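Residue-level structural notes
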Amino acid sequence: MAQKKILLTGGLGYIGSHIIASMEDPSLVVIADNCSNCDIEQIDRLKQLVALERHQVYLVDCTDLNAFEVIFKENEIDTVIHLAGLKAVGESVAKPIEYYTNNLNATLNVLTLCDRYHVNRLIFSSSATVYGPQVSPMNESMTLLKTTNPYAETKAISERMIEDYCVVHPEMAATSLRYFNPVGAHPSGIIGEFPKGIPNNLLPYVQQVASGKRPWLNVFGNDYETSDGTPIRDYIHVLDLASAHLCVLKSPQAGYRIYNVGTGVGTSVLGLVHAFEDANQLTIKTKITDRRSGDVAESTADVSKIKKELGWVSHYTIQDICKDAWNFEQKHSK
Ligand code: UD1
């Protein structure tokens, strides 16, 4: 009998590659990626870390049902970890149709093929952004407020589609993981986040200021109601995030579940900048500018549910995050 495989859509990306690098047996992995936000060399980088074969990677777009289906025909897929999707908040405001078309069709196709090929395990890459502007710490039983951008809405709708699918497929074990702010890199420095163009997110931007690629960091507002006036986020090391997926894989349970994945600890923008300076013994030039539209003052996770039900907790500190991010940047900034 053919070996049962775990399909990662978007498996060559930032989060997918760290999940694969954390797996006990990467030979069980099949990857679907259209490389829209990564490059093909990512396969070689992963090969430096784990025993991955080229034939495990399918360069397909999950929104192309026929091309995507080939993977299910050629492999006995047991589990899907659905990570593929467009993910830039600002871009989603400018290109809503692209975001809805891409992200929703990808999730629909995943569900269609799970149904067709009797795949009963699914982990969906969701985001804390589905909560909308709520009071932190946010917990999974909160009613979701109106989301603030199309990217967030695609995550909220995808969650709902999966939940509805589970109603008519009681054998399905599906989990949405609501990521807070994934950051950092593999300690080897081989993989990490490779932003295309100007980074949107804070830590990749800080890394590029440190390497001299950018002259300073614009701090988007210091007049929030927080301890130092800058917004607070729950930054989680990407390897902790990866371990949360592995934890879910080990505890399949029929039905639909939702878990926050964060640390439960908030860090302000300036707090993260100072942690980066301290951890790496360097200085980051900053300039205070206007607020970025759509930003909330605080977004931190209540992580008690995932701890209680799965025994998962984060291990990496902000110092580890900053060291690994800088190590990665130094290896890749030329
Ligand atoms: C956002 C999304 C999140 C998504 C993530 C990845 C929301 C509420 N959150 O997170 O769902 O997964 O992007 O795309 O939509 N900052 C600066 N200067 C910079 C960059 C950022 O001051 O150059 C500040 C921001 O104002 C914010 C903090 O740093 O307060 C973190 O920003 P960022 O890394 O972009 O993540 P979020 O906006 O929290």
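Let me begin by describing the structure that accompanies this report. All of these numbers come straight from a predicted model, not from anything done at the bench.

**Things to note about the packing of aromatic side chains**
Tallying each qualifying case throughout the model produces 5 aromatic pairs. Consider the rings of phenylalanine 194 and phenylalanine 328, whose centres lie 5.0 Å apart with planes at 75°: the pair is edge-to-face. Taken as a pair, phenylalanine 194 in the loop between strand S7 (181-183) and helix H7 (202-210) and phenylalanine 328 in helix H11 (residues 318-332) lie far apart in primary sequence, 134 residues in all. With a relative accessible area of 28%, phenylalanine 194 lands in the partly exposed category. Each ring, one from phenylalanine 276 and one from tryptophan 326, has its centre 6.2 Å from the other, and the planes form 70°; the classification is edge-to-face.

**Here we look at the sheet that holds strand S6 (residues 173-179)**
The strand order S3-S2-S1-S4-S5-S6-S11 describes an open sheet built from 7 strands, whose pairing is parallel. The sheet terminates laterally at strand S3 (57-58) and strand S11 (255-261), the two strands that pair on one side only. As paired elements, strand S2 (residues 29-32) and S3 share 2 bridges and run parallel to each other. Across the sheet, the residue bridging to isoleucine 31 is valine 57, located in S3. The strands touched by helix H3 (residues 65-74) are strand S1 (4-9), S2, S3 and strand S4 (76-82); relative to S1, the strand with the most contacts, the crossing angle is about 160°.

**Points about unusual backbone geometry**
A cis geometry characterises the amide bond from serine 136 onward to proline 137, with omega recorded as -5°. Tracing the sequence through the fold places proline 137 in the loop between strand S5 (121-127) and helix H6 (150-168). The phi dihedral of cysteine 35 falls on the positive side, at around 55°, and the residue is not glycine. As for its placement among the helices and strands, cysteine 35 is situated in the loop between S2 and helix H2 (42-49). According to the relative accessible area criterion, cysteine 35 is buried, its value standing at 17%.

What counts, and at which threshold
Residues numbered from 1 in each chain as written. Predicted model: local features only at pLDDT ≥ 70, side-chain atom pairs only at ≥ 80, totals over all residues. Heavy atoms only, no water. Phe/Tyr/Trp six-rings, centres within 6.5 Å; stacked < 30°, edge-to-face > 60°. Helix = DSSP H or I, 4+ residues; strand = E, 2+ residues; numbered from the N terminus. Buried < 20%, exposed > 50% of the residue type's maximum accessible area, 1.4 Å probe, protein only. Pairing = 2+ DSSP bridges. Contact = heavy atoms within 4.5 Å. Axes fitted to C-alpha atoms, helices over the stretch in contact; angles between N-to-C directions.

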